[in-house]
Amino acid sequence: MTFTFAAPEDDSLPLHVIDSAGLKTWRETLPEPQRAWVEAAGFRAKLGETLALPGPDGRPAGAVLGHGDGKARARARFGALKGVAGLPEAAYHLATVLPEEDRDELALGWLLSAYRFERYRVGSTRALPRLKAPEGADAARLESIATAEALTRDLINTPAADMGPDDLEAAVTALAREFDADLIVTRDDELLTGNLPLIHAVGRASPRAPRLLDMTWGSEGPRLTLVGKGVCFDTGGLNIKPGSSMGLMKKDMGGAATQIGLARMIMAAGWKVRLRLLIPAVENAIDGNAFRPGDILTSRKGLTVEVNNTDAEGRLVLADALALADEEAPDAIICMATLTGAARVAMGPELAPFFCDDDTLAAVLSQGGQKVRDPVWRMPFWDPYEAMIEPGIADLDNAPSGGQGGAITAALFLRRFVEATERFAHFDIYGWQPKDAPARPRGGLGQGARALFEALPSVLALDEA
Ligand code: BES
Ligand code: MN
Ligand code: ZN
């Protein structure tokens, strides 16, 4: 699938994007037959409402897209895209001047509306109407974002049988090849000799060997390290999940998938950074040699961890990856993980909570997310809860009993492994769109990557290429 705008030289029809307040004025500008048509059709410019406009010969001469009002737009991100698939198949150009953020939302949403997960479906899908890159928009940037988001979704949507640690490695290998990045993979028993014991402990029960993927790219500029939870399937381990909770656990590599997408955007944009992507890729499986509740594991950093629940595996694999990342004290470490159910209870599926001690980074992230309609929300690293992750017979507890403040205690656990790095942010994402919505079909979903792509240049003081 390609996510590109129609070529500038293609024939195209005008697309009007009209909000409720502007409907009347706009109608008056139309030639009489079209005005009568718009009225007869009862077009009210509701968000996502579409109508083709006939020319004198009866063929489509353009189309109008309802933009609703501010309230409707606030309720439905990408809402204007609801009906685009139903427009006459043609290329369109934007005939209405929109504020930059609405324009880019519309353009990106249009590209993303073409996303389908097609790996297991034979047969052709209907071609969609195409859009030319709107004037003033950065077409290459939007196309690259859409391509990266589609990659993220494909990785999440692929069932665990076909997306194990090997397959995740293959995906990162392909990305590294495409952008001439370096990749080092530490597999299986090498994890022990390489001092990544928690990644090994969590992944060792699976016949599909655990590994750490370590990709680096770029040779100058600030160091930016992206860490993503790559649990290819989470059974819960010996503390097995009930069926209802296990059903969606193919998406437990959503953090990795999102970071892979973000890394792709950064490399495609040619940022002057030294980028590092770290993905612990494991399957949290059940077997006689699985790690057990009550085991005490010694992490790469030397901190010991009492395993009170084998289902709190994400923070274990991330702990070693974060410790490794922190050893070179990069300018920023960003962690992404489908880490806790508690984050979902607190925020629901759409809002991605993040934890960050750096007020500047946090503010720029919130603003960036709002600007590109990729909402993220700051949550606190609440120091007084540190005591909750200290069990007594080890340095740390991976699953404090009671589970209160579960997203916060998980974040505090991760923060213990980041000491030398000034800027650290951790996103506890859902990675999943529960039901079909414009530009977001039910299934895997990247969260936070676009917010980061928008925010990071100013945080890292990059002059964007
Ligand atoms: N992958 C899950 C978290 C998860 C569950 C994310 C459902 C999204 C949807 C994670 O590994 C997990 O099982 N966390 C436990 C931690 C608990 C045992 C401390 C949880 O949140 O219940
Ligand atoms: Mn788990
Ligand atoms: Zn998990």
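Located above this text is the structure these notes cover.
Residues numbered from 1 in each chain as written. Chains lettered and ligands numbered in written order. Predicted model: local features only at pLDDT ≥ 70, side-chain atom pairs only at ≥ 80, totals over all residues. Heavy atoms only, no water.

Points about the environment of Ala-114
So, step 1. By the element assignment, Ala-114 lies in the loop between helix 4 (100-112) and strand 5 (130-131).
So, step 2. In sequence terms Ala-114 and Ala-146 are 32 residues apart; their C-alpha atoms lie 9.7 Å from each other.
So, step 3. Look past the residues within four positions of Ala-114 in its chain and what remains in contact with it is Met-1, Phe-3 and Leu-128. (Helix = DSSP H or I, 4+ residues; strand = E, 2+ residues; numbered from the N terminus. Contact = heavy atoms within 4.5 Å.)

Concerning the nonpolar core
So, step 1. Core analysis: the largest hydrophobic core is formed by 88 residues, its most contacted members being Leu-15, Leu-224, Ile-266 and Phe-427.
So, step 2. Examining the composition of this core, we find that eight residues originate from one element, helix 10 (residues 254-269), more than from any other.
So, step 3. The residues touching Ile-266, leaving out its near neighbours within four places in the chain, are Trp-217, Leu-224, Leu-226, Trp-271, Val-273, Leu-275 and Phe-453.
So, step 4. In this structure, Leu-196, Leu-297, Met-347 and Ala-407 belong to the second largest nonpolar core, which totals 45 residues. (Core = buried A, V, L, I, M, F, W, Y, C linked by side-chain atoms within 4.5 Å. Buried < 20%, exposed > 50% of the residue type's maximum accessible area, 1.4 Å probe, protein only.)

What about the pairing of strand 8 (residues 223-228)?
So, step 1. Burial runs high along strand 8: five of the six residues are buried.
So, step 2. In the sheet, strand 8 pairs with strand 10 (residues 274-284) via five bridges, with the strands oriented parallel. Pairing of Thr-225 across the sheet is with Arg-276, part of strand 10.
So, step 3. The pairing of strand 8 with strand 13 (residues 332-337) spans five bridges and is parallel. Each residue of the ladder has a partner; that of Gly-228, found in strand 13, is Met-336. (Pairing = 2+ DSSP bridges.)

Notes on the coordination of the zinc ion (ligand 3)
So, step 1. Taken together, the protein donors to the zinc ion (ligand 3) comprise Lys-229 (NZ), Asp-234 (OD), Asp-252 (OD) and Glu-313 (OE), at separations of 2.0 to 2.4 Å.
So, step 2. Around the zinc ion (ligand 3), the six donor atoms sit at angles spanning 77 to 175°, and that spread fits a shape best called octahedral.
So, step 3. Between the zinc ion (ligand 3) and the manganese ion (ligand 2) the interatomic distance amounts to 3.1 Å, and Asp-234 serves as a bridging ligand to the pair. Of the two residues, Lys-229 sits in the loop between strand 8 and strand 9 (230-234) while Glu-313 sits in the loop between strand 12 (304-306) and helix 11 (314-326), which places them 84 residues apart along the sequence. Each member of the pair, Lys-229 together with Glu-313, is buried. (Donors = N, O, S within 2.8 Å, 3.2 Å for Na, K, Ca; no water. Tetrahedral: all angles 85-135°; square planar, octahedral: opposite > 155°, others 65-115°.)

Quick word on the pairing of strand 9
So, step 1. Taken across its five residues, strand 9 has five buried, putting it largely inside the fold.
So, step 2. Both strand 9 and strand 10 contribute to a ladder of four bridges, which runs parallel. Looking at strand 10, one finds that Phe-233 is bridged to Glu-283.

Looking at the packing of aromatic side chains
Describing an aromatic ring pair means giving the distance of the ring centres and the angle of the ring planes.
So, step 1. Tallied over the entire structure, the rule returns eight aromatic pairs.
So, step 2. Taken together, a centroid distance of 5.2 Å and an interplanar angle of 5° make the contact between Trp-271 and Phe-453 stacked. Of the two residues, Trp-271 sits in the loop between helix 10 and strand 10 while Phe-453 sits in helix 15 (residues 449-459), which places them 182 residues apart along the sequence.
So, step 3. Classification of Trp-271 by relative accessible area gives buried; the value is 4%.
So, step 4. Accessibility expressed as a relative area gives 2% for Phe-453, which makes it buried.
So, step 5. Pairing Phe-355 with Phe-381 gives two aromatic rings, centres 5.6 Å apart and planes at 45°, and the pair type is tilted. Residue Phe-355 is located in strand 14 (residues 352-356), and its partner Phe-381 is located in the loop between strand 15 (376-379) and strand 16 (396-397); the two are separated by 26 residues in the primary sequence. This pair shows no difference in class: Phe-355 is buried, exactly as Phe-381 is.
So, step 6. Every member of this aromatic cluster is reached through a ring pair, and the members are Phe-355, Phe-381 and Phe-424. (Phe/Tyr/Trp six-rings, centres within 6.5 Å; stacked < 30°, edge-to-face > 60°.)

A short note on the state of the cysteines
So, step 1. Scanning the model with the defined rule gives zero disulfides in all.
So, step 2. With no disulfide of its own, Cys-356 lies 12 Å from the sulfur of Cys-335, the closest cysteine sulfur.
So, step 3. Since its relative accessible area comes to 2%, Cys-356 is described here as buried. (Disulfide = S-S within 2.5 Å.)

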